[in-house]
Amino acid sequence: MPREATPRFRSVLDRFAAYKPGKVVVSPEGRSYKLSSNESPHGPLPSVLDAIGEAARTINRYPDNTAAAVTDAIAAHHGVPADHIALGCGSVGVSQMLLEAVAEPGAEVIYAWRSFEAYPVLVALSGATAVQVPLRDETHDLDAIAGAITDRTRLIFVCNPNNPTGTVVRRAELEAFLDRVPADCLVVLDEAYREYVRDDEVPDGLELYGDRPNLAILRTFSKAYGLAGLRLGFLVAHPVIAAALRKVFLPFSVNSVAQAAGIASLAAADELLARVEGTVKERDRVAGTLRAAGWTIPHTEANFVWLRLGEHTLDFSAACDAQGVSVRPFPGEGARVSIGGPEENDAFLAVATTYPHRT
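Residues numbered from 1 in each chain as written. Predicted model: local features only at pLDDT ≥ 70, side-chain atom pairs only at ≥ 80, totals over all residues. Heavy atoms only, no water.

Chemist: Explain empty space enclosed by the protein here, please?
Modeler: A probe matching the size of a water molecule, rolled over the atoms, marks out where space remains unfilled. Tallying each qualifying case throughout the model produces 2 cavities of 30 Å³ or more. Roughly 80 Å³ of internal volume is contained in the largest cavity. Lining the largest cavity are 15 residues, and of these S40, H42, Y196, A224 and R275 sit closest to its centre. Of the volumes computed, that of the second largest cavity is approximately 40 Å³. In terms of lining residues, the second largest cavity is bounded by H78, E195, R219, T220, F221, Y225, F234 and L266. The residue makeup of the lining of the second largest cavity, split by class, is 4 nonpolar, 2 polar and 2 charged. (1 Å grid on protein atoms, 1.4 Å probe; cavity = no way out; pocket = protein on both sides within 12 Å on 5 of 7 lines; lining within 4 Å. Points joined across faces, edges and corners; volume = space filled by probe spheres on them. Nonpolar A, V, L, I, M, F, W, Y, C, P; charged D, E, K, R; others polar.)

Chemist: Where do I start with the packing of aromatic side chains in this structure?
Modeler: Any pair of aromatic rings gets described here by the distance separating the centres and the angle formed by the planes. With the rule as written, the count across this model stands at 12 aromatic pairs. Seen in terms of ring centroids, Y111 and W113 are 5.9 Å apart; in terms of plane orientation they differ by 70°. Their pairing is edge-to-face. In this structure Y111 comes out as buried when scored by relative accessible area, which is 0%. Ring plane angle 10° and centroid distance 4.3 Å describe the contact between Y119 and F157, whose orientation is recorded as stacked. Note that Y119 is positioned in helix α4 (residues 118-126) and F157 in strand β5 (residues 153-159), a separation of 38 residues in sequence. Within the aromatic cluster, the residues linked to one another by ring pairs are Y111, W113, F116, Y119 and F157. The residue whose ring lies beneath R336 is F304, and the NZ or CZ to ring-centre distance is 5.9 Å. (Phe/Tyr/Trp six-rings, centres within 6.5 Å; stacked < 30°, edge-to-face > 60°. Buried < 20%, exposed > 50% of the residue type's maximum accessible area, 1.4 Å probe, protein only. Helix = DSSP H or I, 4+ residues; strand = E, 2+ residues; numbered from the N terminus. Lys NZ or Arg CZ within 6 Å of the ring centre and 35° of its normal.)

Chemist: It is not clear to me how helix α7 (residues 239-247) should be interpreted in this structure. Could you clarify?
Modeler: Because each turn of an α-helix spans 3.6 residues, side chains separated by three or four positions in sequence point in the same direction. The set of residues buried in α7 consists of I241, A242 and L245. For α7, the buried positions fall inside an angular range of 95° around the axis, keeping them on one side. Opposite the packed face of α7, turned more than 90 degrees from it, sit the exposed residues V240 and K247. Tucked into the core, α7 has its buried residues touching β2 (85-88), α3 (90-102), β6 (186-190), β7 (215-220) and β8 (233-236). (Arc of directions from axis to C-beta. Contact = heavy atoms within 4.5 Å.)

Chemist: Hey, could you run me through the pattern of salt bridges in this one?
Modeler: Where side chains of opposite charge bring their charged atoms close, a pairing between them can arise. This structure, assessed with the given rule, holds 21 salt bridges. The shortest N-O distance in the salt bridge between R152 and E108 comes to 3.1 Å. Taken together, the residues R152 in the loop between α5 (142-147) and β5 and E108 in strand β3 (residues 108-113) connect sequence positions 44 residues apart. Take E108: its relative accessible area is 11%, and that puts it in the buried class. Here D179 makes a salt bridge to R212, at a shortest N to O gap of 3.0 Å. (Salt bridge = Lys/Arg side-chain N within 4 Å of Asp/Glu carboxyl O.)

Chemist: I would appreciate a short explanation of unusual backbone geometry in the present structure.
Modeler: Peptide bonds are, in most cases, trans, and in most cases residues other than glycine have a negative phi. The omega angle of the peptide bond from W113 to R114 is 15°, so this bond is cis rather than trans. Within the fold, R114 resides in the loop between β3 and α4. The omega torsion across N163 and P164 is 25°, close enough to zero to call that bond cis. Not every positive phi belongs to a glycine, and A67 is a case in point at roughly 50°. Of note, A67 is situated in the loop between α1 (46-56) and α2 (68-78).

Function cannot be inferred from these measures alone, as they are strictly geometric.
So, in structure tokens, the structure goes:
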């Protein structure tokens, strides 16, 4: 018999674990509260559902590959030129496009750690070398990141607010950092949670990029707009950057239903963002209750809280699982807990306020 052969895969696949989404758990009583993926607890508004239903009638046809209508809607809503925008399959998809455009073997990509867990996977697959800079006081150490820049640095991710800690960098320190970055190095300000920010000192990236040709802003419809299941994200940057991304765009990867839902969501932005205010109030309630129960947690400007649990992380996660509450554990470090509706949050707090190893 011929020798059994196996396909040859890239060696990088042996060196990292694939991205794992937040899990769903169910208690013995049948309760299930998913607080592991930073999703909106609200379903789409009726007007958005109508747009989704109408778009579904034409899914036998390919979507507009240029996504012109939703691009124009984003441009009008945010007051930026349409040629400054590039769309992708969620902000993760846009991040992958960025790396396809700038990364290659021998190049370096810098990001804080811990930060968004897709960064290491995307950088490894791009062939570039990841440079991880430890957090300081649970947030970006921009001085250390600036000090890590070399002539091989092509791209720097700054997640603001940072996932999973919820912490932020403010205007003065961010602008001072941007002034230190070489003009040929791209800085990507990942603002997936921008709509939840209430700190006036945290800058809106769309107000910063205008006179900075090496700054790109990432946004998503997955979080505050509640379209996580449709995968729609976008970048705003100078035209040369946006044009480069459109060159590496996977054809038809922003589907027609997502495009229609994005347009309808922007039209209903005031109503949607009123829901965000409810999430912010719940965030403050959850954080205040945790602190009153003896937890030390960083101030968060996102739709989640971060519990630094160290060696107790998996035990805490198991205690939540037993009550039907799924959280996002990072073994040996801590747990990220999304802000849901009041009932979901109360179920989490019932576990957290009685957990013996509060830190």
